[in-house]
2 protein chains.
Amino acid sequence: MSRALRGLPNVSPATRDLVMATAERLGYVASSAASGLATGRTLAMGVVLPNVSRWFYTTVLEGIDAELRAVGYDTILFNLGLKGQDRDRVFHRSILRKRTDGVIALCLDFTPEERRQLASLGHPTVVVGGPVPGLRHVGIDEFGVARAATEHLIRLGHRRIAHLGGDDEHGLNKRVPASRRRGFLRAMGAAGLDVPEPWLASGGFQITRGRDAALRLLQEPDRPTAVFAASDEMAIGVILAARELGLEVPRDVSVIGIDDHELAEVFALTTMAQDPYGQGRLAARMTLDELAGAGGRASVRVPTTLIERGSTAAPPADAREA
Amino acid sequence: MSRALRGLPNVSPATRDLVMATAERLGYVASSAASGLATGRTLAMGVVLPNVSRWFYTTVLEGIDAELRAVGYDTILFNLGLKGQDRDRVFHRSILRKRTDGVIALCLDFTPEERRQLASLGHPTVVVGGPVPGLRHVGIDEFGVARAATEHLIRLGHRRIAHLGGDDEHGLNKRVPASRRRGFLRAMGAAGLDVPEPWLASGGFQITRGRDAALRLLQEPDRPTAVFAASDEMAIGVILAARELGLEVPRDVSVIGIDDHELAEVFALTTMAQDPYGQGRLAARMTLDELAGAGGRASVRVPTTLIERGSTAAPPADAREA
DNA sequence: TTGAAAGCGTTACCAT
DNA sequence: ATGGTAACGCTTTCAA
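Residues numbered from 1 in each chain as written. Chains lettered and ligands numbered in written order. Predicted model: local features only at pLDDT ≥ 70, side-chain atom pairs only at ≥ 80, totals over all residues.

Enquirer: I keep staring at the packing of helix H7 (residues 142-155) of chain B against helix H8 (residues 175-190) of chain B and nothing clicks. Help me out?
Expert: A pair of packed helices is captured by two measures, namely the crossing angle of their axes and the spacing between those axes. Residue and element names in this part refer to chain B. Between H7 and H8, the shortest axis-to-axis distance is 7 Å and the interhelical angle comes to 40 degrees. Viewed along their axes, H7 and H8 form a crossing whose handedness is right-handed. Contacts from Glu142, Phe143, Gly144, Val145, Ala146, Arg147, Thr150, Glu151 and Ile154 in H7 reach Arg175, Val176, Ser179, Arg180, Arg182, Gly183, Phe184, Arg186, Ala187 and Met188 in H8. When grouped by side-chain class, the residues that make up the contact of H7 with H8 number eight nonpolar, four polar and seven charged. (Axes fitted to C-alpha atoms, helices over the stretch in contact; angles between N-to-C directions. Helix = DSSP H or I, 4+ residues; strand = E, 2+ residues; numbered from the N terminus. Left-handed = near helix turned anticlockwise from the far one by under 90°. Contact = placed C-beta atoms within 7 Å. Nonpolar A, V, L, I, M, F, W, Y, C, P; charged D, E, K, R; others polar.)

Shown next as structure tokens:
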């Protein structure tokens, strides 16, 4: 009997024990489809993301899943795929099929149509890492974190600073790379520093592409003395490129990133730490709370901290005159 | 009407169009719980894995999901969690709840009890990356790939070779690191080469831990001239450690790994390539095929290839005499 | 405290 | 080609 298994009241201890024991012996476990139909609760949450290959997404995912798992919720992956070809089909066939009680979306940009569809589902939706109009959101101050990183370099005495940013990838939230670039430019502008056009490079948030871009940047005769990369992965790419060119970090070039990636310590990378795992947990908690009727908490902006390791220092004396 | 929406025969074109149009206008999408109840098909597959943080798992997952997505299947994450505390609960509450039509398990070791439970579910189960008795399996020849990697080093003239392997992590498939170690030892033995005890180090399949272990290994006065790491991540850790110690790869020390990790190229890492993405796709396909009644195909052993990049070379002349 | 019955939203089968 | 209806396996409500 259902009441006994689920620990509801009004069941005698004897009956409960009997039922439990029998269920155990038979290996009985309630079917989720049937109970979902009856209760309207699936005990599953959907996570919409562009891929499970990049550190940020998997780390957030790990946080979401940990929080959900702890309360008996399952995580369903709505991977839109890198090329985004299946995007429509994923939306219709999966997300809208009421397979989940709520949705957490990572760094995505939704079309008005998609937003309408999500809303029509009428279940809690939270966005992580890049605000979407009309949806609750947990993330960092993208503009501020970039400005702070840049100011750190300026404070050290750098004047020739390049920025390695992300691309506008189709379907991904364009606000993130854009806000970081604006934060960088604002800090530079406030310090009266110029940024030559080629010093606004882009590295797609990846180590390899960051390295490629840095290889170009650091081979110029008048190379920058510091690089602000919009993610640690790209910053690591810069460090790798510098080494390949025989440059020493931070003696010849300073590098700062954003994230506090798991490899940041190995590379002694100075970075603006954010906490994607925690953001994932928080987003899951917000979704669960809203589901429990706790009236949607507002969006949350989580803090970032400067972690100084060994990749930033004052520029070489000769560069300081320049 | 259900028939029209699903494109079944015996529906007039006119009726179909009408139904489709109306559904579209109302934003109607069939509920998965109800249709799952009625058909016994959930159109979802479960993926059991230890975490979504390591490259191998996420790459396999990406492959699985791509294949499933293409046929309208959803992927449900059964993340056992690094510490494995929720393992039992995940098993009971999620996997056994008949939320999926099949299960794909990654690199896990199952207790006899867990295997019994999986079997009792009576739905297709495929294992990737480490055989489990009684379950169909896709993976590489773990023993052979390690032997081949080691033989490559021996062929180059190395005689002092260390092995950086994985740990026995609780709940993870112990056969993988064990087979690779045996493959290494077999190759060494066949060449009449000795392996001092401390040269069988362990780096937990991670860059950082691989680096730590290599730091110890390469600081010995009589250090090895080559290291065979059981994964590219650890091999990259070795390269990083070597650089920190002022050693040049491959001049001072050769390094070979297993995987063909996305960073292998950046580090010019010679490696035994496997294809986790392809393995994921294949595992998904096998599960789908079995579901379609195609009578479980047998286990599949996928090939590996030696990719020579720049991290292996003949040992220095003075070492060759030793 | 327990048993019985209705209903959840589909699909599949059987009439029509 | 179409409409009606039982059945899927659970939860919930109501009666006993």
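That shown, we press on.
Enquirer: What am I meant to see in the interface of chain A and chain B here?
Expert: It is common to report an interface's size as the accessible area lost on association of the parts. Across the boundary between the two partners, chain A contributes 42 residues, which contact 43 residues of chain B. Where the side of chain A that touches chain B is concerned, the elements lending two or more residues are helix H3 (32-39), helix H4 (55-70), strand E2 (74-79), helix H5 (87-94) and helix H9 (207-217) of chain A. Take the side of chain A that touches chain B: its biggest share by element is six residues, from H4(A). Among the residues forming the side of chain A that touches chain B, the class breakdown is 16 nonpolar, 16 polar and ten charged.

Enquirer: For this particular structure, what's the right way to read the protein's contact with DNA strand D?
Expert: Neighbouring DNA strand D are 16 residues, the closest being A:Ser2, A:Ala34, A:Ser35, A:Ala38 and B:Asn10. Elements represented by at least two residues in the surface near DNA strand D include exactly helix H1 (2-5) and H3 of chain A together with helix H3 (32-39) of chain B. The dominant element in the surface near DNA strand D, judged by the number of residues it contributes, is H3(A), at five residues. In the surface near DNA strand D, the residues fall into seven nonpolar, seven polar and two charged. (Near = placed C-beta within 6 Å.)

Enquirer: Would you explain the protein's contact with DNA strand C in this entry?
Expert: In the vicinity of DNA strand C there are 15 residues, among which A:Thr15, B:Ser2, B:Ala34, B:Ser35 and B:Ala38 approach most closely. Of all the secondary-structure elements, those providing two or more residues to the surface near DNA strand C are H3 of chain A together with H3 of chain B. No other element matches the five residues that H3(B) contributes to the surface near DNA strand C. Here the residues of the surface near DNA strand C sort into seven nonpolar, seven polar and one charged.

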